[in-house]
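Commentary on secondary and tertiary structure
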Amino acid sequence: MRGVIMKKVAVAAALALLAACGALAQDVTGDWEGTLHAGVDLRLVLHITKADAGALKATLDSVDQGAYGIPVSSISLKDSKFSLGVDAVHGTYEGKVSTDGNTISGTWTQTQSLPLEFKRSAAKIESKAAPPSDIDGAWLGTLEVGAIKLRVIFHIVNTKDGLVATLDSPDQGVNGMPTTKTTRDGSSLKIEAQKINGVYQGKISADLNTIEGTWTQAGSTNPLVLHRVKDKAELAPPRRPQNPTRPYPYHEEDVIYENKIQNVTLAATLTIPQGKGPFPAVVLITGSGPQDRDETLMGHKPFLVLSDYLTRHEIAVLRADDRGTAKSTGDFAAATTADFATDTEAGIAYLKTRPEINPHKIGLIGHSEGGMIAPMIAARNPDVAFIVMMSGPGVRGDEILVAQVQAIDLASGKSAADTAKDVAEEHDVLKLIESEKDDAALAKGLKEKLSVDAGEAQVGAQIKILTSAWFRYFISYDPAIALRKVTCPVLAIIGEKDTQVPPKQNLPAIRAALEQGGNKHFEVDELPGLNHLFQTAKTGAPAEYAQIEETMSPLALEKMASWILKQ
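In short, a report on the structure.

Reading the values: the criteria
- Residues numbered from 1 in each chain as written.
- Predicted model: local features only at pLDDT ≥ 70, side-chain atom pairs only at ≥ 80, totals over all residues.
- Heavy atoms only, no water.
- Helix = DSSP H or I, 4+ residues; strand = E, 2+ residues; numbered from the N terminus.
- Rg over C-alpha atoms; globule rule 2.2 N^0.38 Å.
- Buried < 20%, exposed > 50% of the residue type's maximum accessible area, 1.4 Å probe, protein only.
- Contact = heavy atoms within 4.5 Å.
- Areas by Shrake-Rupley, 256 points an atom, 1.4 Å probe, with all protein chains shown as cover.
- Lys, Arg positive; Asp, Glu negative; His and termini not counted.
- Charge placed at Lys NZ, Arg CZ, Asp CG, Glu CD.
- Axes fitted to C-alpha atoms, helices over the stretch in contact; angles between N-to-C directions.
- Parallel < 35°, antiparallel > 145°, perpendicular 65-115°, else oblique.
- Nonpolar A, V, L, I, M, F, W, Y, C, P; charged D, E, K, R; others polar.
- Phe/Tyr/Trp six-rings, centres within 6.5 Å; stacked < 30°, edge-to-face > 60°.
- Expected span 1.5 Å × (residues − 1).
- Arc of directions from axis to C-beta.
- Pairing = 2+ DSSP bridges.
- Core = buried A, V, L, I, M, F, W, Y, C linked by side-chain atoms within 4.5 Å.
- Polar contact = N/O pair within 3.5 Å; in protein donor to acceptor, adjacent residues only side chain to side chain.
- Salt bridge = Lys/Arg side-chain N within 4 Å of Asp/Glu carboxyl O.

**Some words on the overall build of the protein**
Tallying secondary structure elements over the protein gives 12 helices and 28 strands in all. In terms of C-alpha radius of gyration, the protein reaches 25 Å, essentially the compact-globule figure of 24 Å for 567 residues. Here the protein holds 567 residues, and the buried ones make up 52% of them. When contacts within the protein are restricted to residue pairs at least 6 apart in sequence, long-range pairs at least 24 apart make up 58% of them. Accessible surface, the protein: about 25,400 Å² in total, of which carbon and sulfur atoms supply 54%. Positive and negative side-chain charges in the protein, numbering 58 and 69 respectively, have mean positions lying 3 Å apart.

**Side note on the packing of helix 6 (residues 416-435) against helix 7 (residues 439-449)**
A pair of packed helices is characterised by two quantities: the angle between their axes and the separation of those axes. Two numbers describe how helix 6 lies on helix 7: the axes approach to 10 Å, and their chain directions differ by 170°. The pairing of helix 6 with helix 7 is recorded here as roughly antiparallel in orientation. Seen from helix 6, the contacting residues are Asp 428, Val 429, Leu 432 and Ile 433; seen from helix 7, they are Leu 442, Gly 445, Leu 446 and Lys 449. Taken together, the residues of the contact of helix 6 with helix 7 break down into five nonpolar, one polar and two charged.

**Quick notes on the packing of aromatic side chains**
Note on aromatic pairs: each is described by the distance of the centres and the angle between the planes. Taken as a whole and assessed by the stated rule, the structure comprises 10 aromatic pairs. Ring centres of Phe 154 and Tyr 200 lie 5.6 Å apart, and the angle between their planes is 35°; this geometry places the pair in the tilted category. One end of the pair, Phe 154, is in strand 13 (residues 148-159); the other, Tyr 200, is in strand 18 (residues 198-204), and 46 residues separate them in sequence. Classification of Phe 154 as buried rests on a relative accessible area of 1%. For Tyr 200, a relative accessible area of 0% corresponds to the buried category. Consider the rings of Trp 470 and Phe 471, whose centres lie 6.2 Å apart with planes at 55°: the pair is tilted.

**Looking at helix 12 (residues 554-565)**
Owing to its 3.6 residues per turn, the α-helix aligns residues three or four sequence positions apart on the same side. For helix 12, which comprises 12 residues, the first-to-last C-alpha distance of 16 Å matches the rise-based estimate of 16 Å (1.5 Å per residue) to within 8%. What helix 12 keeps buried is the set Ala 556, Leu 557, Met 560, Ala 561, Trp 563 and Ile 564. End-on, the buried residues of helix 12 take up no more than an arc of 165°, which puts them together on one face. Packed against the buried residues of helix 12 are strand 23 (279-285), helix 2 (302-312), strand 25 (357-367), strand 26 (387-390), strand 27 (490-495) and strand 28 (522-527).

**Here we look at the environment of Met 372**
The residue Met 372 is located in helix 4 (residues 369-378) in this model. Considered as a pair, Met 372 and Ser 188 are 184 residues apart in the sequence and their alpha carbons are 51 Å apart. Non-local contacts of Met 372, meaning those with residues more than four positions away in its chain, are made with Thr 337, Pro 393, Phe 474, Tyr 477 and Pro 479.

**Looking at the sheet that holds strand 13**
Within the open sheet, the nine strands sit side by side as 15-14-13-12-20-19-18-17-16. Their pairing is antiparallel. Sheet topology places strand 15 (174-178) and strand 16 (181-185) at the edges, where each strand pairs with a single neighbour. Strand-to-strand twist in this sheet, taken as the mean axis angle between neighbours without regard to direction, amounts to 25°.

**Structural notes on the nonpolar core**
Among the nonpolar cores identified, the biggest contains 67 residues, and Tyr 257, Leu 318, Leu 364 and Ile 387 are the most heavily contacted of them. Not counting residues up to four positions away in its chain, the partners in contact with Leu 318 are Val 255, Tyr 257, Ala 268, Thr 269, Leu 270, Val 282, Val 283, Leu 284, Gly 347, Tyr 350 and Leu 351. Core analysis: the second largest hydrophobic core is formed by 26 residues, Val 28, Ala 67, Val 72 and Ile 104 among them.

**So, the sheet that holds strand 21 (residues 250-259)**
Judged by pairing direction, the sheet is mixed, and its eight strands sit side by side in the order 21-22-24-23-25-26-27-28 without closing on themselves. Whereas interior strands pair on both sides, the edge strands pair on one side only; in this sheet they are strand 21 and strand 28. Across the sheet, the mean angle from the axis of one strand to that of its neighbour is 20°, orientation sign disregarded. Where strand 22 (residues 264-273) and strand 24 (residues 316-320) come together, four bridges link them in antiparallel fashion. Note on strand 24: the bridge partner recorded for Leu 270 is Leu 318. Where helix 2 meets the sheet, it contacts strand 21, strand 22, strand 23, strand 24, strand 25 and strand 26, and its direction lies at approximately 160° from that of strand 24.

**What to know about the side chain of Thr 179**
Along the chain, the position of Thr 179 falls in the loop between strand 15 and strand 16. Exposure remark for Thr 179: the relative accessible area of 10% places this residue in the buried category. Reaching out from Thr 179, the side chain makes a polar contact with the backbone oxygen of Ala 165 at a distance of 2.5 Å. Apart from the residues within four sequence positions on either side, Thr 179 is in contact with Gln 65, Ala 165, Thr 166, Leu 167, Ile 191, Glu 192 and Ala 193.

**Structural notes on the pairing of strand 9 (residues 91-97)**
In strand 9, alternate side chains face the same way, and those of Gly 91, Tyr 93, Gly 95 and Val 97 are buried while those of Thr 92, Glu 94 and Lys 96 on the opposite face are not. Here strand 8 (residues 81-86) hands over to strand 9 after four residues, with His 90 in that stretch at a positive phi of 55°. Alignment of strand 9 against strand 10 (residues 103-110), held across six bridges, turns out to be antiparallel. From the neighbouring strand, Tyr 93 faces strand 10, where its bridge partner is Trp 108. Hairpin remark: strand 9 followed by strand 10, antiparallel, with five residues in the connecting loop; positive phi at Gly 101, about 75°.

**Section: the pairing of strand 10**
Of the strand pairs in this sheet, strand 10 and strand 11 (residues 112-120) are connected by eight bridges, and their pairing is antiparallel. Bridge pairing links Thr 109 to Ser 113 in strand 11.

**Here we look at helix 2**
Among the 11 residues of helix 2, nine are classified as buried, and the element is accordingly described as predominantly covered. All of the buried residues along helix 2 are Pro 302, Phe 303, Leu 304, Val 305, Leu 306, Ser 307, Asp 308, Leu 310 and Thr 311. Glu 314 lies just past helix 2 and shows a positive phi near 70°.

**What to know about the pattern of salt bridges**
Taken as a whole, this structure holds 20 salt bridges when the rule is applied. Of the charged contacts in the structure, one is a salt bridge between Arg 380 and Glu 345, with a shortest N-O distance of 2.7 Å. Of this pair, Arg 380 sits in the loop between helix 4 and strand 26 while Glu 345 sits in helix 3 (residues 337-351), placing them 35 residues apart in sequence. Note that Lys 559 and Glu 523 form a salt bridge whose closest N and O atoms lie 2.7 Å from each other. Taken as a pair, Lys 559 in helix 12 and Glu 523 in strand 28 lie far apart in primary sequence, 36 residues in all. A residue is classified by how much of its surface remains accessible, and Glu 523, at 26% relative accessible area, is partly exposed.

Geometric values such as these leave the question of function open.
Listed below in C-alpha cells is the structure:
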C-alpha cells in the first residue's frame, strides 16, 4: 500500500549511499496497487500524499468491494519499514519497501494475516474519494435476535459515484464487509448487503446523530437504531487481557519446515522454555477453516494464549499457519482432514531435529477438527507420546452437525418448533450430500433445498463448501475407528456449554472407543461453564465468543499443563 520514489540527490556518491542503505530517503507518495488473495482476489489501491506539514496521509480503495476513499488512520515510513492502520476495517499492514522504491512487500492483518505486495502504479490512478457527506463516518447499533445481542457498525463514505458503506459485525468477527448499494432520499437511508441477503432501512434524525430503522435478513425483520460514533473508543475492539506481551520469559523463534509428502512449506512459531532442556513439547492443531498459527477468530488468539501458558510451565510449543494461510504455502481449499494430518506430522518430524526437545515426549493438542486429527495421527505414528483433544469429536461429522444445529438454535433463543424445523432441514441436506456423488447434480439439488430466504451469493458460498472434498470427508469420517487404535495417553476435554461439539454426545463416544481399544491411560472430562473455545460462557452460542473478554479459561489451561507434565 505504499509508493517509493528515490529523491534525486545532487551528489552521486550520496545517491549510491542511499541505495545501499535501503533507500533511506524514499518518498512513498503516489498510487500503489496490490491484490489480496483472501479466498477471492481483492484489488486494492493505496493513494499516499503529504499533508502541509510533510506528514504522510492516505486513503485506500477496495475496488472489487466498491469501497473507495477508506481513510487510513495511521501511516509511517522509517528507513524501509512501512506500516499503516485502517481503523474503519480494523486492518493493519506492515511491509518493507524495495531498494528501487517500486515495491512494498508485507502482510495485511484483519482477522487473519495474509501476504500483500504493492507495486507503484505506472499511471496516475484517479481516486474516487469525494468531499464527505453529512452522514459520512461510523454508525453503531445493537441488533437483538432472540437471546443474542450483536453490535453492528456501518462505515459510510461519500465517493464520486455516491455513498458507499461497509459493515462490521464485531461480535461475529466480521470487519469491512462490503455492501452492495447505499441510497439516500432526503432523510431515508437504505443499505443493501446482497452477500448476506440483508437490508437496512432507516430514517436519519434532523440533528444527524441517529438513524432509526430495521434490519431485514433471511425473512426476519428486527429493529436497529444506529447512532453516530463520535468517540473512537466505541469502535475499539474488545479487551483481550490474556494476550501476552513481549518480552516473553522464554525463547520465541519463527521457523519453517517442509511437508515433503504434499509439497507444502509450513511457517510456524516455536516457543521454548528458559533453562536447560530437553523439554517436553506439543504441536498445536487448529480447528476447521483456514487459521493462522494463533488460531485467530472473533478477535481472540486462543493458540497464542495457550502456547504462552504452556511454555511458561516448561512445555515447548510449535504452532503453524494452516497450509495456504498467512505465511504457509499450499492449497487449503483442495485439502481434506487427512491432508492436514500430514502437515502436523511434518511438525513432529521438525521437533525431533531440535536438541532442546525431548524426542520421547512430543505430543499433540488438537482443537475441534484438530481434536479429530490428533488421534488420527497417534493411531499410526509411534513418535506421538500423548494427545490432548480439545472439543474433539467422538462421532461422525454428520451426527455432530445435526446436534450442533439443535444446540446453537436453543442457546440462541430459538423456539422448539423453529429448532425442530432447522434440524429437519439439516438432516435433509446431509442425506442429499451423502447419496449424491456427482458434484454438479449435488449443487443443483442443494440450490433447491437451501433456504429461499438466503441470498444468491450466500447460497453459492454454502454450496461451494458443501460440495467440497473436505466436507464430504468430514461428514463420513468416524473418529472412533482411530481412537480404538490409540495406545498413548489421552486427555479429552469438552466444555459443558459447547454447542459445536456437544459434550453429552461426544465424550461418552470417546470414552467407549478408548475402552474398546484397551487404552488404560486416558482421562475424559466435561469442564463446567465453558464453551467451544473454553471460555467461561453464559449460553455457549457462537455469537458470545467475541463478547467475552476471556480467551481461554484458567481451568482449561491448568488442566492441560498439569496433565502433560505428568506424562
